[in-house]
Amino acid sequence: GEKQRWESQVNELTRGLAALPANALLAAGFITYLGGLSEDVRSTMMQTWTAICNVSTRDFTFRHFMSSESELLQWKGEGLPSDDLSMQNGLIITNSVQCPFIVDPNTQATEWMKTHLSDKTLDVIV
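So, how was this worked out
Residues numbered from 1 in each chain as written. Predicted model: local features only at pLDDT ≥ 70, side-chain atom pairs only at ≥ 80, totals over all residues. Heavy atoms only, no water. Buried < 20%, exposed > 50% of the residue type's maximum accessible area, 1.4 Å probe, protein only. Helix = DSSP H or I, 4+ residues; strand = E, 2+ residues; numbered from the N terminus. Arc of directions from axis to C-beta. Contact = heavy atoms within 4.5 Å. Axes fitted to C-alpha atoms, helices over the stretch in contact; angles between N-to-C directions. Parallel < 35°, antiparallel > 145°, perpendicular 65-115°, else oblique. Left-handed = near helix turned anticlockwise from the far one by under 90°. Core = buried A, V, L, I, M, F, W, Y, C linked by side-chain atoms within 4.5 Å.

A. Geometry of helix 6 (residues 108–116). Of the residues making up helix 6, those classed as buried are A109, T110, W112 and M113. Burial along helix 6 is one-sided: seen end-on, the buried residues are contained in an arc of 165°. Check the buried side of helix 6 and you find it contacts helix 4 (69–77) and helix 5 (84–95).

B. Spotlight on the packing of helix 5 against helix 6. Running from N to C, helix 5 and helix 6 cross one another at 45°; their axes reach a closest spacing of 12 Å. Taken together, the axes of helix 5 and helix 6 are oblique relative to one another. Helix 5 and helix 6 meet at a crossing whose hand is right-handed. On helix 6, the residues touching G90, I93 and T94 of helix 5 are W112, M113 and H116.

C. The arrangement of the nonpolar core in detail. If you look at the biggest cluster of nonpolar residues, it comprises 21 residues, and the most contacted ones within it are L26, F30, M46, F60, F62, W75 and W112. Of all the secondary structure elements, the ones that give two or more residues to this core are helix 1 (2–33), helix 2 (39–52), helix 4, helix 5 and helix 6. In this structure, W75 is in contact with L80, M87, G90, L91, T94, W112 and H116, ignoring residues within four places of it in sequence.

So this is what it looks like as structure tokens:
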């Protein structure tokens, strides 16, 4: 009963802690190098990188490593589309040190950024 649940949770936390350095490396690489690439290229590169780092793609997804479900739901409520590419782009924008260059013909990302970053100075060049 309860003891098994606790042991299972301890084992899960232990595995997560052991995987943390590789997962952080993958997330840093994603933010640094994959932001300007298409969804297909991102997927291919992540498959390559996870194989090199000996991390299962079932155990690591950029979206779940870098955010919580409540954060993603908040973004959806602010107008960001809920597809994986939009959420990845939102995570790159909010976690990148560099100023993002965004090509946004539908203005969805621009509108989300205006809402999400309303308390910060934001320059939108059209």
